[in-house]
Amino acid sequence: MTTSATPGPGRPTENSMRRALKRARDGVALDASEAAVLLQARGEDLTDLAASAARVRDAGLEQAGRPGVITYSKSVFIPLTRLCRDKCHYCTFVTVPGKLRRAGHGMFMSPDEVLDIARKGAALGCKEALITLGDKPEDRWPEAREWLDAHGYDDTIAYVRAISVRILEETGLLPHLNPGVMSWTDFQRLKPVAPSMGMMLETTATRLWSEPGGPHHGSPDKEPAVRLRVLEDAGRSSVPFTSGLLIGIGETYEERAESLFALRKVSRAYHGIQELIIQNFRAKPDTAMRGMPDAELDELVATIAVARHIMGPAACLQAPPNLVEGEYERLIGAGIDDWGGVSPLTIDHVNPERPWPQIEELAGRSRAAGFELRERLCVYPEFVRRGEPWLDPRLRPHVAALADPETGLARPDALPTGLPWQEPEDTFTPTGRTDLHRTIDTEGRTSDRRDDYDEVYGDWDALREAAAPGMAPQRIDTDVREALRTAADDPTRLTDAEALALFHADGPALDALCRIADDVRRSVVGDEVTYIVTRNINFTNVCYTGCRFCAFAQRRTDADAYTLSLSQVADRAQQAWDVGAVEVCMQGGIHPDLPGTAYFDIAKAVKERVPGMHVHAFSPMEVVNGATRTGMSIREWLTAAKEAGLDTIPGTAAEILDDEVRWILTKGKLPTATWIEVVKTAHELGIRSSSTMMYGHVDQPRHWLGHLRTLAGIQRETGGFTEFVTLPFIHTNAPVYLAGIARPGPTTRDNRAVTAMARLLLHPWIPNIQTSWVKLGTEGAAEMLRSGANDLGGTLMEETISRMAGSSYGSYKSVRDLVAVAEAAGRPAKPRTTLYGEVPDERRQAAADSDGHLPELLPVLD
């Protein structure tokens, strides 16, 4: 039979094969060229390669505590829809609406059809519901869109989520979701309803997608860069994820090796790939690739063995047993440790001509090769044992009902039964160090980092590699003097090149820049320095998002973790009102136990206690968390939040609006496009927001420029920003700094340049530029007031986030303190509201009466 990989430069030489085999035997890391050589091993060379791969696999199983065990998942295959917007040239799973109608089927399986299969599977002891479907069929087929509309679903993902909940509640099976390409937001929507998900990478050979006649040509979701982004978003979202290769579709050996290294890179960066499937192409009739030769068994064996060497002993490798004509022993000998999903009930709808083997036969053949066949769940045992953040709290009872707590494998005697899918109870029980703002410096954790520092944030070496290009300074050739003339004449005419030159200004040029910015400030908002009497309420610091710049986030079991009750939140708001506050600013960690409606409860609690208080709360990250947990759209969630009492939102969670930088700073926070979507939607609903930029870490002036241009563009469109807040990076306890990746915060020069350029680049769209006394201190804040800023922010009263990051400037400034900062800059001070309006006399008097003697915070734990 013809070799199924497209020939590359030629067969490897004996010397290159011998050298690569020796490196594999010796456990030396392979490079891509050596892997490409080994993929062509045949005969005795292949036997040698497979033997060394099997030894690597055996060492991993020993380390995992299951030596001699090969696993499988007892499942049912549910083809939720066979419609798809892609046109893969080898696929028989996908069909068209007319064929479905003629066969008497709907565009999607109905809930009754799905649950009928799931119930029958549960009765047979199946534990996994493998939900497979085409990519975004509503984008191509009006019939799919009509079906979703008629049944009340915004999109296919909404139906996947809804049917997964019903499967959990009515059958107890665990959904494993394969809906194709997903966005970061899609992962947030689906993670609460499925312990695991998957999508085959297939190949990174872009030409197979981009060139006419290629197997993926005309399929938007098969672009390799798109699929790699999905794998990364799964890791960022802490979703146990299955991926793999489809071999023999026209890729070269070099391209196949590159695909394996791309998978390894993602796996190392996020630790979230739970298994890799190595699947051999089998030609099917009635497809464009029906004349393509099948991938040979030797091709499959060699690819499995090379994958094992590249991915290492801890990886889980699977090969579908129904695609190899019973040659099970050779696959085991090459290094697999899993057979994938095997169903006693349903066919393999992707390969319907290839029946599953009987489980008893699979057990016997595995035993003959020296392995015990054990059942696992759809989520691999390592992730069952890891728990948070990999398993959503709403799924823990369903997984625990079927899993052996010691091994993480399936309990053989467990029969699935439906369990409620619901939010954890007692969400707002006060726990932990709820006085953290006062005692952080003296109690609790004494080390500078969490004990899971090396695992929770991803792979630090991979991050260093990714961060290096972005941190390289850019050569600036533009004349600074000419740029200063443009800024003084009309800052709206500054080109990007001129703006970059000014961001790099120093010495007399920087002084001139700050004077120009200060002149613009004076002409726009006058000399008054505004401030607000406000209180920060950080209602929880339990968070598993994995932001690498954040020292605030804690696991629920950490010494410094805390959560406030609703009454404690309201008490703090009442206390703030009593001392003259006009606003509470409320943000918290992404606590896995908090339901999406918890934010509504928080806003209501404040408004019920203090009706006149302005509720400035919930960052875009919290908005997305609330929306995805409730299954609501962002617009619906924000509308409900506004009805509950939300007035404005902080424009935090922006950091730098450039994903090149964001994915270094954070493992799992929302991407730039989603931040923009939240903010624009809020503005459209009449919910105004601040805007922010955190700088001085792994960024460069070109990133600052892009960020400010983005904000100005949004403001021109919506007019919803109240101010821009500069947030210098506090490095002291930030994990990304402790790992040696980030700079130790911005310099004074950086702070002056950013403040001045914010004034110029946001002119005339955002008139208010705020500086942060929490991060800069009194003298630093006064200097920024001379560099274009006009606002000092709030009194805060209670501040935890910057304090935990290592700021030494305290949690509270009295009104007198803020007035003194303004006076140090030679300017008068004036109180304001959140929307920069006049403060009522009664509020001014209350603030004056209590100024400088803030009452002790109420006790929060009995």
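For the structure itself, consult the block above.
All figures in this text were calculated on a predicted structure; none of them were measured in a lab.

A. Region of interest: the pattern of salt bridges. Across all of its chains, the model carries 64 salt bridges by this definition. For E353, the salt bridge is made with R354, and the minimal N-O distance between the two is 3.9 Å. What makes E353 partly exposed here is its relative accessible area of 40%. By relative accessible area, which is 17% here, R354 ends up buried. Taken together, the shared-partner salt bridges in this structure form one network comprising R282, D294, E325, E353 and R354.

B. Region of the structure containing the environment of A641. Tracing the backbone shows A641 in helix 26 (residues 634-644). Once the C-alpha coordinates of A641 and L30 are considered, the two residues, 611 residues apart in sequence, prove to be 53 Å apart. With sequence-adjacent residues up to four places away left out, A641 is seen in contact with F600 and L646.

C. The packing of aromatic side chains, seen in detail. According to the stated counting rule, one finds 15 aromatic pairs in the structure shown. Ring geometry for F618 and W637: centres 6.4 Å apart, planes at 75 degrees, overall edge-to-face. With a gap of 19 residues between them, F618 in the loop between strand 15 (614-617) and helix 25 (620-630) and W637 in helix 26 connect regions that are remote in the sequence. Using a relative accessible area of 0% as the deciding quantity, one classes F618 as buried. Classification of W637 as buried rests on a relative accessible area of 0%. Members of the aromatic cluster, connected to one another through ring pairs, are F539, Y599, F600, F618 and W637. Seen from the ring of W663, R236 lies directly overhead, with NZ or CZ sitting 3.7 Å from the centre. Its end group placed over the ring of W390, R386 keeps NZ or CZ at 5.2 Å from the ring centre.

D. Local environment of the nonpolar core. Formed by 128 residues in total, the largest nonpolar core has its most connected members in M586 and W675. Once residues within four sequence positions are removed from consideration, M586 is found in contact with I537, F539, V569, I602, V606, V615, H616, A617 and F618. A41, I78, V193 and Y253 belong to the second-largest nonpolar core, a separate cluster that totals 123 residues.

E. Molecular detail of the environment of P137. When you line up the elements, P137 lands in the loop between strand 2 (128-133) and helix 6 (142-150). In this structure P137 comes out as buried when scored by relative accessible area, which is 0%. Here the alpha-carbon distance between P137 and E113, two residues 24 residues apart in the chain, equals 19 Å. Setting aside its immediate chain neighbours within four residues, P137 contacts T81, L83, C84, R85, F108, A144 and T156.

F. Structural context of the environment of P469. Among the structural elements, P469 can be located in helix 19 (residues 460-471). For P469, a relative accessible area of 51% puts it in the exposed group. Sequence separation between P469 and V698 is 229 residues; the distance between their C-alpha atoms is 9.8 Å.

G. Quick look at the pairing of strand 6 (residues 273-280). Counted residue by residue, strand 6 has eight buried out of eight residues, so it is predominantly covered. Where strand 5 (residues 241-247) meets strand 6, seven bridges bridge the pair, whose relative direction is parallel. If you follow S243 over to strand 6, its bridge partner there is L276. For the handedness criterion, the β-α-β arrangement of strand 5, helix 11 (residues 253-270) and strand 6 is classed as right-handed. Sheet topology note: the strand 6/strand 7 (residues 317-318) ladder contains two bridges and is parallel. Each bridged residue has a counterpart across the sheet, and for L276 the counterpart in strand 7 is L317. Chirality of the crossover, the property in question, places the unit of strand 6, helix 12 (residues 297-311) and strand 7 among those that are right-handed.

H. Structural view of helix 28 (residues 672-684). For helix 28, which comprises 13 residues, the first-to-last C-alpha distance of 18 Å matches the rise-based estimate of 18 Å (1.5 Å per residue) to within 8%. Residues of helix 28 that are buried include every one of T672, T674, W675, I676, V678, V679, T681, A682 and H683, and no others. Backbone geometry just after helix 28 places G686 at a positive phi near 85 degrees.

I. Structural view of the sheet that holds strand 12 (residues 534-538). Spatial strand order, 12-14-15: three strands in an open sheet with parallel pairing. Only two strands of the sheet have a single partner each, and these edge strands are strand 12 and strand 15. Between one strand axis and the next, the sheet turns through 25 degrees on average, direction left out of account. Here strand 14 (residues 583-587) pairs with strand 15 via four bridges, running parallel. Within strand 15, the position partnered with M586 by the bridge is A617. Contacts between helix 24 (residues 598-609) and the sheet are confined to strand 14 and strand 15, with strand 15 contributing the most and set at about 160 degrees to the helix.

J. Examining the packing of helix 23 (residues 566-578) against helix 24 more closely. Axis separation between helix 23 and helix 24 bottoms out at 9 Å; the angle between their running directions is 45 degrees. Taken together, the axes of helix 23 and helix 24 lie oblique to each other. Read as a crossing pair, helix 23 and helix 24 show a hand that is right-handed. For the pair formed by helix 23 and helix 24, the contact residues are L566, S567, V569, A570, D571, A573 and Q574 on the first element and D601, I602, A605, V606 and R609 on the second. Taken together, the residues of the contact of helix 23 with helix 24 sort by class into seven nonpolar, two polar and three charged.

K. How the structure looks around the side chain of R662. Within the fold, R662 resides in helix 27 (residues 659-665). Although R662 is buried, it makes no salt bridge; D659 carries the closest opposite charge, 4.0 Å away. Looking at R662, its side chain comes within polar contact range of the main-chain oxygen of A654, at 2.3 Å. Ignoring any residue separated from it by four or fewer positions in sequence, one finds R662 in contact with A653, A654, E655, I656, L657, K669, L670, P671 and T672.

L. View of unusual backbone geometry. Residue P389 follows E388 across a cis peptide bond; omega there is 5 degrees. Counting through the fold element by element, P389 comes out in the loop between helix 15 (381-386) and helix 16 (396-400). Cis geometry marks the peptide bond from H763 to P764; its omega dihedral reads 0 degrees. Structurally, the position occupied by P764 is in the loop between helix 31 (748-761) and strand 18 (769-770). Even without glycine at this site, E325 takes up a positive phi of about 55 degrees.

M. Examining helix 31 more closely. Across its 14 residues, helix 31 extends 20 Å between first and last C-alpha, which sits within 8% of the 20 Å expected from 1.5 Å per residue. By the criterion of burial, helix 31 is predominantly enclosed, with 13 of the 14 residues buried.

Reading the values: rules and limits
Residues numbered from 1 in each chain as written. Predicted model: local features only at pLDDT ≥ 70, side-chain atom pairs only at ≥ 80, totals over all residues. Heavy atoms only, no water. Salt bridge = Lys/Arg side-chain N within 4 Å of Asp/Glu carboxyl O. Buried < 20%, exposed > 50% of the residue type's maximum accessible area, 1.4 Å probe, protein only. Helix = DSSP H or I, 4+ residues; strand = E, 2+ residues; numbered from the N terminus. Contact = heavy atoms within 4.5 Å. Phe/Tyr/Trp six-rings, centres within 6.5 Å; stacked < 30°, edge-to-face > 60°. Lys NZ or Arg CZ within 6 Å of the ring centre and 35° of its normal. Core = buried A, V, L, I, M, F, W, Y, C linked by side-chain atoms within 4.5 Å. Pairing = 2+ DSSP bridges. Right-handed = clockwise from strand over helix to strand, strands pointing away. Expected span 1.5 Å × (residues − 1). Axes fitted to C-alpha atoms, helices over the stretch in contact; angles between N-to-C directions. Parallel < 35°, antiparallel > 145°, perpendicular 65-115°, else oblique. Left-handed = near helix turned anticlockwise from the far one by under 90°. Nonpolar A, V, L, I, M, F, W, Y, C, P; charged D, E, K, R; others polar. Lys, Arg positive; Asp, Glu negative; His and termini not counted. Polar contact = N/O pair within 3.5 Å; in protein donor to acceptor, adjacent residues only side chain to side chain.

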